[in-house]
Amino acid sequence: MDYDAIIIGGGACGLMCAVQAGLLGKRTLVLERNDKPGAKILISGGGRCNFTNLYTTPENFITKNPHFLHTAFSQWTVEDTISFFENFGEIQGQEKTLGQLFPKSNKAKDVVAVFTKLMYDTGQDIWLQTEVKSVKKQEEGYVVSFVREGNEQQLFCKKVVFASGGLSVAKLGASDFTVRSARQFGLSIVDTAPALVPLTITGKDATWYASLAGNSVFARVFNDRISFEENILFTHWGLSGPAILQISSYWRAGETFTIDLLPKFRLDELIKSERAAGGKRTVGQMLNDYFTKKMVEALGKYLPIELKIASLSKTDAKCVCDTIHKFIVKPAGDKGYDKAEVMRGGVSTDELNPRTLEAKKQPGLYFGGEAVDITGWLGGYNFQWAWASGYLIAQDL
Ligand SMILES: Cc1cc2nc3c(=O)[nH]c(=O)nc-3n(C[C@H](O)[C@H](O)[C@H](O)COP(=O)(O)OP(=O)(O)OC[C@H]3O[C@@H](n4cnc5c(N)ncnc54)[C@H](O)[C@@H]3O)c2cc1C
């Protein structure tokens with residue numbers, strides 16, 4: 001049992017790290033608390049796994065230090081991800097939308113199978129249902145304590161990789177383990193929070209949102225930091241859908257954001273051409289061309305949908321334009337870590353060597369994947385970071 005490294009976590013980062021180490025002729029042991037590897041990969045992208053994004057740049061990530069990513073992404077690129085899955089798993093990528101790449105088979109399990117086969121071929125070990133309890137420094141290395149088959153055990157290793165993820169979705173193995181351990185080693189942590197998460201609405205507006213549950217609208221969602229054009233989805237408790245998940249990563253409690261419900265058109269232009277045609281239609285009839293009947297009825301709470309366009313005053317017309325293009329939302333909160341695709345924040349990049357992801361203060365300790373203060377947008381970016389970080393660490397083991 002003489003391993004070059006112990007890797008804690010058999011998720012995206014840990015599996016990539018183990019197989020890349022294996023390809024370099026090294027031996028690793030992966031300790032995974034779940035009864036199967038890659039639990040999050042298996043359910044990702046609705047079971048289809050959006051495994052990278054063709055247009056990945058450091059700007060698609062939230063981190064205190066965007067420069068940090070330049071080094072990582074110059075060593076493991078999107079092309080490397082694509083050829084890795086093509087060469088080792090014959091997985092052909094298929095772009096769905098906005099650069100999002102999925103396996104042509106549409107099966108996330110094909111992605112996990114690439115790793116399980118390579119782990120076997122390169123002689124890497126993985127112990128499932130093995131929960132690491134602590135990592136402690138001991139002279140030239142670290143003592144890893146874990147519970148396996150009900151027994152407490154310990155292993156010593158010179159190098160230990162924390163690929164144990166963040167706090168999102170406890171039932172898939174997530175916990176505060178990585179953040180807690182990093183703190184114990186004196187590493188600073190950027191405040192953590194759920195990200196890529198649905199947002200809730202309570203109070204007097206709640207019934208309005210609930211009345212629209214199931215309605216989806218293509219929209220531009222923005223605040224003073226960022227803007228996304230994708231669908232939003234009304235739900236019984238608030239808002240979800242890709243554009244909302246995206247803005248959630250940039251939203252802070254107590255803030256508002258704005259939705260342009262019709263980003264491809266200009267309402268003032270539409271009103272102008274209706275007027276030119278006599279203005280006989282009502283505001284509601286005009287909006288019916290762009291929204292569901294249910295949505296138009298609901299908008300009636302804020303707009304004079306019964307009024308004929310010809311009789312709209314300047315103030316009415318402004319109200320129509322502002323409501324559609326500048327719909328202000330003040331969420332009450334978010335749906336929490338169990339509904340969040342990722343955790344924002346984590347181990348500060350200041351603590352890590354950008355080439356190796358080794359902790360500067362603790363030689364031999366490495367941190368990758370979601371546990372680090374690097375959070376991708378929705379759309380395959382988070383896996384790209386997980387693969388890249390696993391690869392980087394493996395080069396140094
Ligand atoms: C529903 C959902 C859908 C998603 N879809 C996509 C998508 O399509 N594309 C995309 O790019 N991203 C997606 N993501 C995000 C992506 O899954 C994560 O960014 C990625 O899995 C992070 O990789 P990781 O290896 O850092 O962590 P994880 O994949 O979470 O792996 C960490 C592993 O460590 C194990 N572990 C934790 N603590 C211990 C311990 N003490 N002892 C032993 N083992 C431990 C956990 O059980 C887990 O298996 C999705 C996330 C969710 C929740």
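Since we're looking at a predicted model, the values are computed, not measured. (Residues numbered from 1 in each chain as written. Predicted model: local features only at pLDDT ≥ 70, side-chain atom pairs only at ≥ 80, totals over all residues. Heavy atoms only, no water.)

S.K.: How do you make sense of the packing of aromatic side chains when you look at a structure like this?
M.R.: Working definition: an aromatic ring pair is given by the centre-to-centre distance plus the angle between the planes. Evaluated as defined, the whole model comprises 26 aromatic pairs. Ring centres 4.8 Å apart and planes at 35 degrees place the aromatic pair W76 and Y391 in the tilted group. With W76 in the loop between α3 (67-75) and α4 (78-89) and Y391 in helix α13 (residues 381-396), the pair connects residues that are 315 residues apart, well separated along the chain. With a relative accessible area of 19%, Y391 lands in the buried category. On the numbers, 5.9 Å between centres and 85 degrees between planes, the contact of F85 with F115 is edge-to-face. Of this pair, F85 sits in helix α4 while F115 is found in helix α5 (residues 108-121), placing the two residues 30 residues apart along the sequence. Here the two residues F85 and F115 agree in accessibility, since each one is buried. One aromatic cluster in this structure is built from F51, W76, F84, F85, F88, F115, F383, W387 and Y391. (Phe/Tyr/Trp six-rings, centres within 6.5 Å; stacked < 30°, edge-to-face > 60°. Helix = DSSP H or I, 4+ residues; strand = E, 2+ residues; numbered from the N terminus. Buried < 20%, exposed > 50% of the residue type's maximum accessible area, 1.4 Å probe, protein only.)

S.K.: Is there a simple way to think about the pairing of strand β6 (residues 100-103) in this case?
M.R.: Looking down a regular strand, the side chains alternate between one sheet face and the other. Along β6, one buried face is formed by Q100 and F102 and the opposite face, lined by L101 and P103, is buried too. Strand direction decides the pairing type here: strand β3 (residues 52-53) and β6, joined by 2 bridges, are antiparallel. The partner of T52 across the bridge, within β6, is L101. (Pairing = 2+ DSSP bridges.)

S.K.: Even after reading the chapter, I still don't get the sheet that holds β3, so can you show me in this structure?
M.R.: Across a sheet, paired strands are connected by hydrogen bonds in the backbone, their directions being either parallel or antiparallel. The 3 strands lie next to each other as β3-β6-β5, forming an open sheet whose pairing is antiparallel. Strands with a single pairing partner mark the edges of an open sheet, and in this sheet they are β3 and β5 (93-95).

S.K.: Looking at this model, I keep getting lost on the UniProt feature "domain: RsdA/BaiN/AoA(So)-like Rossmann fold-like" (unreviewed entry) in the protein. Mind explaining?
M.R.: Residues annotated by UniProt as "domain: RsdA/BaiN/AoA(So)-like Rossmann fold-like" (unreviewed entry) correspond here to residues 4-395. Across residues 4-395, helical content stands at 32% and strand content at 24%; the span's end C-alpha atoms are separated by 12 Å. (UniProt positions renumbered as here; feature names shortened; annotations may be inferred.)

S.K.: When you look at the site of the ligand in this model, what are you seeing that I'm missing?
M.R.: Neighbouring the ligand are 33 residues; C13, E32, V132, E370 and F383 lie closest to it. Contact between the ligand and E32: an oxygen atom at 2.6 Å from a side-chain N or O atom of the residue. A distance of 3.1 Å is found between an oxygen atom of the ligand and a backbone nitrogen or oxygen belonging to G45. Relative to its unbound accessible area of 1,000 Å², the ligand is 93% covered by the protein chains. Looking at the shell around the ligand, the elements with two or more residues in it are α1 (12-23), α2 (39-47), β8 (130-138) and α13. By residue class, the composition of the shell around the ligand is 14 nonpolar, 13 polar and 6 charged. (Near = heavy atom within 4 Å. Polar contact = N/O pair within 3.5 Å; in protein donor to acceptor, adjacent residues only side chain to side chain. Areas by Shrake-Rupley, 256 points an atom, 1.4 Å probe, with all protein chains shown as cover. Nonpolar A, V, L, I, M, F, W, Y, C, P; charged D, E, K, R; others polar.)

S.K.: When you look at the sheet that holds strand β14 (residues 216-222) in this model, what are you seeing that I'm missing?
M.R.: Taken in spatial order, the 7 strands make up an open sheet running β18-β17-β14-β15-β16-β13-β19, and their pairing is antiparallel. Since the sheet does not close on itself, it has two edges, and those belong to β18 (327-329) and β19 (333-334), each with one partner. Summarising the sheet, β14 and strand β17 (residues 257-260) pair through 3 bridges and their orientation is antiparallel. Considered in β17, the bridge of R220 is made with D260.

S.K.: Sorry if this is basic, but what is going on with the side chain of S168 here?
M.R.: With respect to the helices and strands, S168 occurs in the loop between β11 (160-162) and α6 (177-184). The class of S168 is buried, set by a relative accessible area of 0%. Among the polar contacts made by the side chain of S168, one reaches the side chain of K40 at a distance of 3.0 Å. Polar side-chain contacts of S168 include one of 3.3 Å to the backbone oxygen of E341. Sequence-distant contacts of S168, that is, excluding residues within four places in its chain, are made with K40, A174, Y337, A340, E341, V342, M343 and E370. (Contact = heavy atoms within 4.5 Å.)

S.K.: I keep staring at the pairing of strand β20 (residues 342-347) and nothing clicks. Help me out?
M.R.: Most of β20 is tucked away: 6 of the 6 residues are buried. Here strand β12 (residues 189-195) runs beside β20; their pairing, made up of 5 bridges, is antiparallel. Paired with V190 across the strands is G346, a residue of β20.

S.K.: How do you make sense of the pattern of salt bridges when you look at a structure like this?
M.R.: Enumeration over the complete set of coordinates arrives at 16 salt bridges. Close ionic contact of R281 with D289 constitutes a salt bridge, the shortest N to O distance being 2.7 Å. Overall, the relative accessible area of 28% leaves R281 in the partly exposed class. Looking at D289, the relative accessible area reads 46%, which means it is partly exposed. Measuring nitrogen to oxygen at the nearest pair gives 2.6 Å for the salt bridge that ties D322 to K318. Of this pair, D322 and K318 both sit in helix α12 (residues 314-325), 4 residues apart, roughly one helical turn. Residue D322 is classed as partly exposed on the basis of its relative accessible area of 25%. Taken together, the salt bridges that share partners define one network made up of R33, E131 and K133. (Salt bridge = Lys/Arg side-chain N within 4 Å of Asp/Glu carboxyl O.)

S.K.: Just to check I follow, could you spell out the domain arrangement of the protein for this structure?
M.R.: Accessible area lost during the coming together of the parts is what is often quoted as the interface size. One can read the domain layout of the protein as domain 1 (5-193 + 342-396) and domain 2 (199-334). Summarising the inter-unit geometry, the C-alpha centres of domain 1 and domain 2 are found 39 Å apart. Residue-level contacts link 5 residues of domain 1 with 10 residues of domain 2. Both faces considered, domain 1 and domain 2 share a buried interface measuring about 700 Å² in area, 58% of it formed by carbon and sulfur atoms. When the buried area of domain 1 at its contact with domain 2 is split by residue, R344, W377 and L378 rank highest and sum to 66% of it. Where domain 1 packs against domain 2, one counts 0 salt bridges. Applying the counting rule to domain 1 against domain 2 returns 3 residue pairs in polar contact (both at pLDDT 80 or more). (Domains from an automatic or database assignment. Buried area = accessible area lost by both parts, 1.4 Å probe.)

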